[in-house]
Amino acid sequence: CPPRTSTTRMTTRPSTMRIETIKPSQRKKGRILVILEDETILRVTEDVVLRFGLVKGMDIDDDTRQEVERAAGAASARASAARMVGRRALSREELQRKLIQKGASEEDASDAADWLEDIGAIDDAGYAAMLARHYGERGYGPGRVREELRRRGIDRELWEDALAELPEPEEAIAAFLQRKAGDLSDCREVKRLTDALLRRGFQWGDICNALRRFD
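Residues numbered from 1 in each chain as written. Predicted model: local features only at pLDDT ≥ 70, side-chain atom pairs only at ≥ 80, totals over all residues. Heavy atoms only, no water.

Caption draft 1: Structural context of helix 9 (residues 187–199). The end-to-end C-alpha distance of helix 9 is 18 Å, a good match for the 18 Å that 13 residues give at a rise of 1.5 Å each. Three or more residues of helix 9 are buried, namely Glu189, Leu193, Thr194, Ala196 and Leu197. Buried residues of helix 9, seen end-on, are gathered within an arc of 165° and therefore sit on one face of the element. Exposed residues lying more than 90 degrees from the buried face of helix 9 are Cys187, Arg188, Lys191 and Arg199. Where the residues of helix 9 are buried, they touch helix 8 (169–180) and helix 10 (204–214). Looking at where helix 9 begins, the residue whose side-chain oxygen comes 2.9 Å from the main-chain nitrogen of Arg188 is Asp186. (Helix = DSSP H or I, 4+ residues; strand = E, 2+ residues; numbered from the N terminus. Expected span 1.5 Å × (residues − 1). Buried < 20%, exposed > 50% of the residue type's maximum accessible area, 1.4 Å probe, protein only. Arc of directions from axis to C-beta. Contact = heavy atoms within 4.5 Å. Polar contact = N/O pair within 3.5 Å; in protein donor to acceptor, adjacent residues only side chain to side chain.)

Caption draft 2: Representation of the pattern of salt bridges in the model. Following the criterion strictly, the structure yields 18 salt bridges and no others. Notably, a salt bridge pairs Glu148 with Arg152, separated by 3.1 Å at the nearest N-O pair. Accessibility expressed as a relative area gives 12% for Arg152, which makes it buried. Between Arg213 and Glu170 there is a salt bridge whose closest N-O contact spans 2.6 Å. One end of the pair, Arg213, is in helix 10; the other, Glu170, is in helix 8, with 43 residues separating them in the sequence. One continuous salt-bridge network, built from bridges that share partners, spans Glu94, Arg144, Glu148, Arg151 and Arg152. (Salt bridge = Lys/Arg side-chain N within 4 Å of Asp/Glu carboxyl O.)

Below, the structure written as structure tokens:
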């Protein structure tokens, strides 16, 4: 039998790095720069600094550093999400898509969306109803509203309640004809109006009924 050889397992301890400086960013409000001795810069928030007790001269190992970076990513995504919905209403999917485009991970984007849903800052059902009212007031029909709801990532389960916010199609079409109709004895005028109403998201049957009544 060949002689046994002993194998010594090498245990690698996490490397540590000293924090050289902690200072606020001059370029972005609310951001704190944690500069390590190898000149690596961790961009965090004040909340992350307090949570991990980061101070100048402190040594942090690789595991702690990774945790700090993950926490910083989540905090940054939440801050960006709050600014976005503060400027205008967004659906959950729109918000997540924008956060990922700005560099957030899918996990951080989802976490930020969950947080805003929990505090009521995003509400897809309310947003869908608002969109339907907005386009209804501008004279658009159900087809156009469905397209907007789909484009903005609203769940189909919420569409029916949102569409209930629209005026009756024939009423909306009649209002459009009052503003736009010319000589309805001219087939070209009828075609022009019909094409315009189809583009606005109304159905052929509703358009024909409204045209007959208007005529």
